[in-house]
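Structural overview
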Amino acid sequence: MSTTSFKLNDGTSIPWVAWGNGTGQAKKDAIESGKLALAAGLRHIDTAQIYNNEEETGIAVSQSKVPRSEVYVTSKIGRIAGDTQAVPLDQVRKSVQESLDRLGTVPELYLIHNPYVVPEGKLKEFWGILEDLKDEGKLKSIGVSNFRPQDIEAVVEGARYKPVVNQLEFHPYVLAHLEPLLAIQEKHNILTTSYGPLTPLLRHPTGGPLKPILHRISERLSAKYNETIDANAVLLLWLRAKQVVAVTASGNAERIKGLAKLYLSKWELEAEEVEEIDRVGKTIHFRHYTEHMENDFPVPDLPSQ
Ligand SMILES: NC(=O)c1ccc[n+]([C@@H]2O[C@H](COP(=O)([O-])OP(=O)(O)OC[C@H]3O[C@@H](n4cnc5c(N)ncnc54)[C@H](OP(=O)(O)O)[C@@H]3O)[C@@H](O)[C@H]2O)c1
C-alpha cells in the first residue's frame, strides 16, 4: 500500500497525510508553516473553527504556488475556544458560512468537531443541516470527528449521506478501545482519519512495549530504502497500511519536509509488521486526548504501560 490517497464513500479521494495546524508551533505559524508544507509537497491541511486560524489557513493556500485544485482542506464546526455551549441548530448555517468566509474557499471536507458541539439529542437534525448544505452545493464532503459508536449509529440511520470520515485519536494504544467503533465504521464504509498518531512515542511516558518494535522496523526500512526512516515514520506508515489518513502536525521546517517525503514515498511495512504492531498495541490502553472519547464509551481493562 504505497498510494498517496484513499477513496471516500462519496466517490472523492483524500490525501493520506494531512498537515494539521491545531497544535504546537504549526498552530501559531499557520501561514508560514502552511505555505512550507504545500511547497514541500504536502497537499492536505487540517484546520478547525476552534483553532482560530481558518483565515490563516486560507491565506496559506491562496499564497502558495500550488493550484487550489491540488490542495485538500479539512475544517470543522465546533465550539469557540473557552465556550462550553453547543452550536444551536438555528446557528449552524451561520456558523458554517463564517468558516467559509474566513477560509475564503470551500473546504473539500467539513466535519462536526465532536458530538458535544451538537445540542443534546439533536445529532440527526444537526447532520441533516450539513446534508442540506451539501445538496445546495455549499459544502463538499461531510464527516464527523470524535464520534463514538452511539453517535455514528444516530447519524447513519436514514441518512442521505453517511459521514465520509470519523477523525479520531488513532494509534496502536487506542486500538483495543476503538474495535467496536471501527467495526461500525467498516460496515458503513466510513474512513478513519487519525490525529495524535505519534502519541505512543511522543506522549506515552516510556513508549511502552511498542517502542523497541518500532525502532527495529525503522532500522529495517532505513537499510532497505537507504533513507533515514525513524520510528515516528513507522507509526505513520502503519496508518497507511491500515488505510487510515494520518493527521499530524509540525512547525519545524525539517520535519515538514520529512513528512512530505514520507507522504510521497513508496515505503511499506511488511504485513507481519503491521500485524505485530496491532497485536502489541492492543495490550495497552493509553489515550492523550481523554476529554472526548471516554464518556459513555467504556475503556478496556488494560494497563496504560
Ligand atoms: N479532531 C480533533 O479533535 C483533533 C484533536 C487534536 C488534533 N487534531 C488535529 O490533528 C493534528 C495533529 O495532532 P497532534 O499534534 O496530536 O499529532 P501528532 O502527529 O501526534 O503530534 C504532532 C506534534 O509532535 C511534534 N513532532 C512531530 N514529529 C516529531 C518528532 N520526530 N520528534 C518530536 N516531536 C515531533 C510536532 O512538533 P514540532 O512542531 O516541533 O515538529 C507536533 O507538535 C492537529 O494539529 C489538528 O489539526 C484534531
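Structure's up top.
Here we summarise the structure given alongside this text.

About the criteria used
- Residues numbered from 1 in each chain as written.
- Predicted model: local features only at pLDDT ≥ 70, side-chain atom pairs only at ≥ 80, totals over all residues.
- Heavy atoms only, no water.
- Helix = DSSP H or I, 4+ residues; strand = E, 2+ residues; numbered from the N terminus.
- Rg over C-alpha atoms; globule rule 2.2 N^0.38 Å.
- Buried < 20%, exposed > 50% of the residue type's maximum accessible area, 1.4 Å probe, protein only.
- Contact = heavy atoms within 4.5 Å.
- Areas by Shrake-Rupley, 256 points an atom, 1.4 Å probe, with all protein chains shown as cover.
- Lys, Arg positive; Asp, Glu negative; His and termini not counted.
- Charge placed at Lys NZ, Arg CZ, Asp CG, Glu CD.
- Pairing = 2+ DSSP bridges.
- Near = heavy atom within 4 Å.
- Polar contact = N/O pair within 3.5 Å; in protein donor to acceptor, adjacent residues only side chain to side chain.
- 1 Å grid on protein atoms, 1.4 Å probe; cavity = no way out; pocket = protein on both sides within 12 Å on 5 of 7 lines; lining within 4 Å.
- Sits in = over half its atoms within 2 Å of the grid points.
- Nonpolar A, V, L, I, M, F, W, Y, C, P; charged D, E, K, R; others polar.
- Axes fitted to C-alpha atoms, helices over the stretch in contact; angles between N-to-C directions.
- Parallel < 35°, antiparallel > 145°, perpendicular 65-115°, else oblique.
- Left-handed = near helix turned anticlockwise from the far one by under 90°.

1. Looking at the overall build of the protein
Within the protein, the secondary structure is distributed over 13 helices and ten strands. The globule rule puts the C-alpha radius of gyration for 305 residues at 19 Å, and the 19 Å found for the protein is close to it. Each principal axis of the C-alpha distribution contributes one length, and for the protein these read about 55 × 50 × 35 Å. Put simply, the protein has 305 residues, and 54% of those count as buried. Within the protein, contacts between residues separated by at least 24 positions form 76% of all contacts whose residues are at least 6 apart in sequence. Summing over all exposed atoms, the protein offers an accessible surface of approximately 13000 Å²; the carbon and sulfur share of this is 50%. One way to put it: in the protein the 35 positive side-chain charges average out to a point 4 Å from where the 40 negative ones average out.

2. A short note on the pairing of strand β10 (residues 245-248)
Judged by which residues are buried, β10 turns out to be covered on both faces: V245 and V247 on one side and A246 and T248 on the other are all buried. Alignment of strand β9 (residues 191-195) against β10, held across three bridges, turns out to be parallel. Looking at the pairing, Y195 lines up with V247 of β10.

3. Here we look at the site of the ligand
Every one of the 27 residues lining the ligand counts as a neighbour, but T248, S250, G251, R255 and Y289 are closest to it. Within the side chain of S145, a nitrogen or oxygen atom sits 2.9 Å from a nitrogen atom of the ligand. Against a free-state accessible area of 910 Å², the protein chains account for coverage of 84% of the ligand. According to the grid-proximity analysis, the pocket containing the ligand is the largest pocket. Along the lines of polarity and charge, the residues of the shell around the ligand split into eight nonpolar, 15 polar and four charged.

4. Section: the side chain of H44
On the secondary structure map, H44 appears in strand β4 (residues 44-46). What makes H44 buried here is its relative accessible area of 3%. In terms of polar contacts, H44 uses its side chain to reach the backbone carbonyl oxygen of P15, at 3.4 Å. In this structure the side chain of H44 is engaged in a polar contact, spanning 2.9 Å, whose partner is the side chain of T74. Leaving out residues up to four positions away in the same chain, H44 has contacts with I14, P15, V17, A18, W19, Y72, T74 and V245.

5. Details of the sheet that holds strand β5 (residues 72-77)
Reading around the barrel, the eight strands line up as β3-β4-β5-β6-β7-β8-β9-β10 and close back on themselves, with parallel pairing between neighbours. The mean angle between the axes of side-by-side strands here comes to 25 degrees, regardless of whether they run parallel or antiparallel. Sitting on the sheet, helix α2 (residues 30-40) touches β3 (17-20) and β4, and the angle it makes with β3 is about 160 degrees. Strands in contact with helix α5 (residues 123-135) are β5, β6 (109-112) and β7 (141-145); relative to β7, the strand with the most contacts, it is inclined by about 155 degrees.

6. Some remarks on the packing of helix α4 (residues 92-103) against α5
Working note: a packed helix pair is described by the angle between its axes plus the distance between those axes. In the contact formed by α4 and α5, the axes pass within 10 Å of each other and the chain directions differ by 50 degrees. The angle between α4 and α5 falls in the class oblique. The interaxial crossing formed by α4 with α5 has right-handed handedness. On α5, the residues that touch V92, R93 and V96 of α4 are F126, I129, L130, D132 and L133. Residues belonging to the contact of α4 with α5 are distributed by class as follows: six nonpolar, no polar and two charged.

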